[in-house]
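Here is how the chains run, residue by residue.
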Amino acid sequence: MKNIICIVARTNSTRLKSKVLRKIGTKRLIEHLIERMKFSKEFDEIYLCTSNHPDDKVLVSIAKEHNIKYIAGSELAVIERLLDAANESNADNIVRVTGDNPLTDPFILDDVLKNHIDSNADYSIMSFLPRGSTGDVIKSSALKKLYKTIDPNERQYLAIYINDP
């Protein structure tokens, strides 16, 4: 069984421009998150899933600097970027981590993945943690099924649809 981490990030945030590139100490926020995710023992690969917008090329460079894989796809449809990573890696499960959540715990992600697999779940979320420190695990087959049901104009709202059984 193959499991991947997908860090979803773009630079064109509206409330705080380029927040994933802001420095915390000597490193950019996204770099802190990448380094934390590398502590995971249960995931085979890490992908930085960004957009193909020219401003996001810096994120592709960061992925390369940190020896992780990347997907540069649809600007608005996060689900398409996740599916691209799942298809490229032939992953059974993906964990979606938001790029502006540097406190996401890789060890708890490992435990959530194990529980997700043991219970044969389609979707598992870390709802027991504070906002900004969570991720969710999605079975690739469930994500593909979900993609077919979402209105193409609303594919940026993955979280709304994934929580609707």
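Coordinates for the structure precede this section.
The shown structure was predicted, so the numbers you read here are calculated from the model rather than taken from an experiment. (Residues numbered from 1 in each chain as written. Predicted model: local features only at pLDDT ≥ 70, side-chain atom pairs only at ≥ 80, totals over all residues. Heavy atoms only, no water.)

Colleague: Help me out: how do you make sense of the overall build of the protein chain in this one?
Modeller: For the protein chain, the helix and strand inventory stands at 6 helices and 8 strands. Reading the secondary structure of the protein chain in the N-to-C direction produces β-β-β-α-β-α-β-α-β-α-β-β-α-α. Its C-alpha radius of gyration of 15 Å places the protein chain within 12% of the 15 Å reference for a compact globule of 165 residues. Projecting the C-alpha coordinates of the protein chain onto the three principal axes gives extents of approximately 40 × 35 × 30 Å. Taking all 165 residues of the protein chain together, the buried fraction comes to 48%. Accessible area of the protein chain: about 8700 Å², with a carbon and sulfur share of 49%. (Helix = DSSP H or I, 4+ residues; strand = E, 2+ residues; numbered from the N terminus. Rg over C-alpha atoms; globule rule 2.2 N^0.38 Å. Buried < 20%, exposed > 50% of the residue type's maximum accessible area, 1.4 Å probe, protein only. Areas by Shrake-Rupley, 256 points an atom, 1.4 Å probe, with all protein chains shown as cover.)

Colleague: What should I look at first to understand the environment of phenylalanine 43 in this one?
Modeller: Note that phenylalanine 43 resides in the loop between α1 (29-37) and β4 (45-51). C-alpha separation for the pair phenylalanine 43 and asparagine 93, spaced 50 residues apart in sequence, amounts to 9.1 Å. Setting aside anything within four residues of it in sequence, one finds phenylalanine 43 in contact with Asn3, Ile4, Ile5, Val95, Leu109, Asp110 and Leu113. (Contact = heavy atoms within 4.5 Å.)

Colleague: Teacher, can you tell me more about the packing of aromatic side chains here?
Modeller: We describe a pair of aromatic rings using the distance from one ring centre to the other and the angle between the two ring planes. Throughout the structure, instances matching the rule amount to 1 aromatic pair. Pairing phenylalanine 39 with phenylalanine 107 gives two aromatic rings, centres 6.3 Å apart and planes at 45 degrees, and the pair type is tilted. Placement of the pair is phenylalanine 39 in the loop between α1 and β4 and phenylalanine 107 in helix α4 (residues 106-118), with a sequence separation of 68 residues. Its relative accessible area of 47% is what places phenylalanine 107 among the partly exposed residues. (Phe/Tyr/Trp six-rings, centres within 6.5 Å; stacked < 30°, edge-to-face > 60°.)

Colleague: Any chance you could explain the packing of α1 against helix α2 (residues 57-65) here in plain terms?
Modeller: Relative orientation and spacing of two packed helices are given, respectively, by the angle between their axes and the distance between those axes. Look at α1 against α2: their axes get within 11 Å of each other, and the N-to-C directions meet at 35 degrees. Along this stretch, α1 crosses α2, giving a crossing that reads as right-handed. Contacts between α1 and α2 pair Ile30, Glu31 and Ile34 from the former with Leu59, Ile62 and Glu65 from the latter. A breakdown of the residues in the contact of α1 with α2 according to their chemical character gives 4 nonpolar, no polar and 2 charged. (Axes fitted to C-alpha atoms, helices over the stretch in contact; angles between N-to-C directions. Left-handed = near helix turned anticlockwise from the far one by under 90°. Nonpolar A, V, L, I, M, F, W, Y, C, P; charged D, E, K, R; others polar.)

Colleague: Please clarify how the side chain of serine 133 should be interpreted in this entry.
Modeller: Inspection of the secondary structure puts serine 133 in the loop between β7 (123-125) and β8 (135-139). At a separation of 2.7 Å, a polar atom in the side chain of serine 133 contacts the main-chain carbonyl oxygen of proline 130. In contact with serine 133, not counting residues within four places along its chain, are Asn101, Leu103, Thr104, Asp105 and Met126. (Polar contact = N/O pair within 3.5 Å; in protein donor to acceptor, adjacent residues only side chain to side chain.)

Colleague: Can you walk me through the state of the cysteines in this structure?
Modeller: As used in these notes, a disulfide is a covalent bond between sulfur atoms, one from each of two cysteines. Counted under the stated rule, the structure contains 0 disulfides. Cysteine cysteine 49 remains unbridged, with the sulfur of cysteine 6 as its closest cysteine sulfur at 3.9 Å. (Disulfide = S-S within 2.5 Å.)

Colleague: What's the story with the sheet that holds strand β6 (residues 93-98) in this structure? I'm lost.
Modeller: Think of a sheet as strands paired side by side through backbone hydrogen bonds, with each pair either parallel or antiparallel. Pairing within the open sheet is mixed, and its 6 strands lie in the order β5-β4-β1-β6-β8-β7. The open sheet is flanked by β5 (69-73) and β7, the only strands paired with a single partner. When the angles between neighbouring strand axes are averaged without regard to direction, this sheet yields 20 degrees. Sheet analysis places β6 next to β8, joined by 5 bridges and oriented antiparallel. Pairing of arginine 96 across the sheet is with aspartate 136, part of β8. The sheet strands contacting α1 are β1 (3-8), β4 and β6, and the helix crosses β1 at an angle near 170 degrees. Across the sheet, α4 lies against β1, β6, β7 and β8, angled at about 30 degrees from β8, the strand it touches most. (Pairing = 2+ DSSP bridges.)

By themselves, these are just geometric observations and shouldn't be taken as functional.
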